[in-house]
Amino acid sequence: MGFNIFRKQSIQNYLGKDIKFAKTINAVDLISLGVGAVIGTGIFILPGTVAATLAGPGVSLSFVVAAIVCALAGMCYAEFASAIPVAGSAYSYGNIVYGEFTGWIIGWALILEYMLSVATVAAGWSSYFSSFISPFGLKIPHAVSGPMNLSHGVYFDLVSVLIILLISILLSRGMKNSIKINIVAVFIKIAIILIFIFAGLHFIKPANYHPFLPYHFSGVIKGATTVFFAFLGFDVVSSSAAEVKNPKKNMPLGIIGTLAIAALLYFGVSIVLTGMVNYTKLNVSNPVAFALQYVHQNWVAELLSFGAMLGMATMMLTMIYSSSRLIYAMARDGLLPTAFSKLDKKHNSPQNALIVVTIIIASGAAFFSVDQLANLVNFGTLFAFTLVSFGILKLRKRTDITNDGFKVPGYPYLPIISGLICIFMICHLSSEVYLMAIIWLVIGSVIYFVYGYHHSQLDHD
């Protein structure tokens, strides 16, 4: 048949294979997964630092602008999830509308996004946990207290490995139990954020809002490009499509609902925070806790550190889950070894994919300082957003895919605007991110041409 890297998967083929998944997830479960992924430690840090350095009290508007921008990409994801309710998120969409190689490259970029973000968050969870237990006179042994640094006698980060293993064991017992625990954790996390908002309302001084735009509206826009990344993670909702009841209705609800709740919480925290303390004092590593101590509300500050740990745990749960479904989808198509696409009989979940994801993420969190790699997460996400946004144009031209569910309004303008904004954001990443991204994509291309292309299920059809 000749060499064709743009051969396309059929949606019927995917639906036939993904039918083995247990369909246990509803709209509330999806929103809890999404909010679990989006609202992490960023909500306790970004509003303060962005207010101090870029936007002043207008940081609340920065979050609104960023949420609108994310909503554009979110609507594109929602249309794909409604039209093509299969596992694998943007990877599977890319395979169907662009062709196999483009789909593989999107998936390869997403592997980077999901796994790196978990490793980064696990390292943060570990340091929060250490400070959380220190008032009780407990201490992690120095040798296993952080990423490898032999000159300081530190070998690996034990706590980050244990939290990743714990979450993976929970996920291995099937999605039903994991979702229940996730919903409880997300509700507690939201409750703690609301306690901060309502406690802080009593300490707002209107004078702190003047001037509201010290850096002018251009500062609000600069702030929006920074806080944009605080909304990333809603796309993981679409990776669960094969396990969702009535995906045409529930997938769009899950994606748009996640963004709406995240935007309200970010807006609330930033308005209260900049009202409590003058924005010029907020350029600290923990601005929300600082503001509470500033008004002598230390008990809420303690509560916040617990909320931050819960926030990071729910984010890790969602990202590990999404990574395993992504590896499953690539193996289902033969682009990775098919052993990773096997579902266990008891829980109908891809255990082999979950095991390999856990080993890779735990190794990354244990030995490497992942700070410098965190920006690569942004590249992986924006790359996928760009192709999903423009992919709507190709999706609408397909006569073999019917969609009587959600459709992006303002077609074709909104998908094009969404794609162009994502390209604009990519242009603002640093040159070292480009270099690492190119290396990662070259490695992915080599794997595809050496292994994936010849083992692809499309090669044998």
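Provided above is the structure to which this section pertains.
No experiment lies behind these values; they were computed from the predicted model shown.

Give me the lowdown on the overall build of the protein chain, citing residues and values where you can.
The helix and strand tally for the protein chain stands at 17 helices and zero strands. Taking 2.2 N^0.38 as the reference for a compact globule, 461 residues should give roughly 23 Å; the C-alpha atoms of the protein chain span a radius of gyration of 22 Å, in line with that estimate. Judged by the C-alpha coordinates and their principal axes, the protein chain covers about 70 × 55 × 40 Å. Counting only residues that meet the buried cut, the protein chain has 58% of its 461 residues in that class. Counting only contacts in the protein chain whose residues sit at least 6 apart along the sequence, the fraction spanning at least 24 positions is 83%. Of the roughly 18,400 Å² that the protein chain leaves accessible, carbon and sulfur atoms contribute 71%. Looking at charge distribution, the protein chain has the averaged site of its 26 positive side-chain charges lying 5 Å from that of its 17 negative ones.

Describe the nonpolar core, and please don't skip the residues or the numbers.
Ranked by size, the top nonpolar core spans 160 residues in total, and within it Ile84, Phe196 and Phe231 carry the most contacts. No other element matches helix α12 (residues 298-332), which puts 19 residues into this core. Setting aside chain neighbours within four positions, we find Phe196 in contact with Val269, Val272, Leu273, Met276, Val288, Leu292, Val300 and Leu304.

Outline the packing of aromatic side chains, listing residues and values.
Aromatic rings in a pair are described by how distant their centres are and how their planes are angled relative to each other. On inspection of all chains with the given rule, the structure shows 24 aromatic pairs. Here Trp108 and Trp440 contribute two aromatic rings whose centre-to-centre distance is 4.5 Å and whose plane-to-plane angle is 10 degrees, an arrangement assigned as stacked. In this pair, Trp108 sits in helix α6 (residues 100-133) while Trp440 sits in helix α16 (residues 431-455), placing the two residues 332 residues apart along the sequence. For Trp440, a relative accessible area of 23% puts it in the partly exposed group. With a centroid separation of 5.9 Å and an interplanar angle of 40 degrees, the aromatic rings of Phe290 and Tyr294 are classed as tilted. Taken together, the residues span about one helical turn, with Phe290 and Tyr294 both in helix α11 (residues 287-294) at a distance of four residues. Overall, the relative accessible area of 25% leaves Phe290 in the partly exposed class. The class of Tyr294 is partly exposed, set by a relative accessible area of 39%. Pairwise contacts between aromatic rings join Phe3, Phe101, Trp104, Trp108, Trp440, Tyr448, Phe449 and Tyr453 into one cluster. The ring of Tyr453 has Arg7 sitting right over it, with the charged end atom 3.9 Å from the ring centre. The ring of Tyr14 carries Arg332 above its face, with NZ or CZ at 3.8 Å from the centroid.

Can you break down a nonpolar patch on the surface residue by residue, with the values?
There is a patch of nonpolar side chains on the surface, built from Met148, Leu150, Tyr155, Phe367 and Phe368 and spanning about 550 Å² of accessible area. Among the structural elements, Tyr155 can be located in the loop between α6 and α7 (158-172). Under the relative-accessibility criterion, Tyr155 is labelled partly exposed at 47%.

Describe the pattern of salt bridges, and please don't skip the residues or the numbers.
Taken as a whole, this structure holds seven salt bridges when the rule is applied. Notably, a salt bridge pairs Lys248 with Asp404, separated by 3.8 Å at the nearest N-O pair. Of the two residues, Lys248 sits in helix α10 (residues 247-276) while Asp404 sits in the loop between α14 (374-397) and α15 (413-426), which places them 156 residues apart along the sequence. Bridged by salt links that share partners, the residues Asp18, Arg332 and Asp333 form one connected network.

Outline the environment of Gly174, supporting the account with residue identities and numerical values.
Within the secondary structure, Gly174 sits in the loop between α7 and α8 (175-201). We classify Gly174 as buried; its relative accessible area is 5%.

Now, about the environment of Pro211: what can you tell me, with residues and values included?
Relative to the assigned elements, Pro211 resides in the loop between α8 and α9 (216-227). For Pro211, a relative accessible area of 46% gives the class partly exposed.

For the side chain of Ser32, give the residues involved together with the corresponding values.
Structurally, the position occupied by Ser32 is in helix α2 (residues 27-38). For Ser32, a relative accessible area of 6% translates into the label buried. The contacts of Ser32, once residues within four sequence positions are left out, are Asn182, Ile183 and Val186.

Definitions and cut-offs
- Residues numbered from 1 in each chain as written.
- Predicted model: local features only at pLDDT ≥ 70, side-chain atom pairs only at ≥ 80, totals over all residues.
- Heavy atoms only, no water.
- Helix = DSSP H or I, 4+ residues; strand = E, 2+ residues; numbered from the N terminus.
- Rg over C-alpha atoms; globule rule 2.2 N^0.38 Å.
- Buried < 20%, exposed > 50% of the residue type's maximum accessible area, 1.4 Å probe, protein only.
- Contact = heavy atoms within 4.5 Å.
- Areas by Shrake-Rupley, 256 points an atom, 1.4 Å probe, with all protein chains shown as cover.
- Lys, Arg positive; Asp, Glu negative; His and termini not counted.
- Charge placed at Lys NZ, Arg CZ, Asp CG, Glu CD.
- Core = buried A, V, L, I, M, F, W, Y, C linked by side-chain atoms within 4.5 Å.
- Phe/Tyr/Trp six-rings, centres within 6.5 Å; stacked < 30°, edge-to-face > 60°.
- Lys NZ or Arg CZ within 6 Å of the ring centre and 35° of its normal.
- Patch = residues over 30% accessible without salt bridge, like charges linked within 9 Å, V, L, I, M, F, W, Y side chains within 5 Å.
- Salt bridge = Lys/Arg side-chain N within 4 Å of Asp/Glu carboxyl O.

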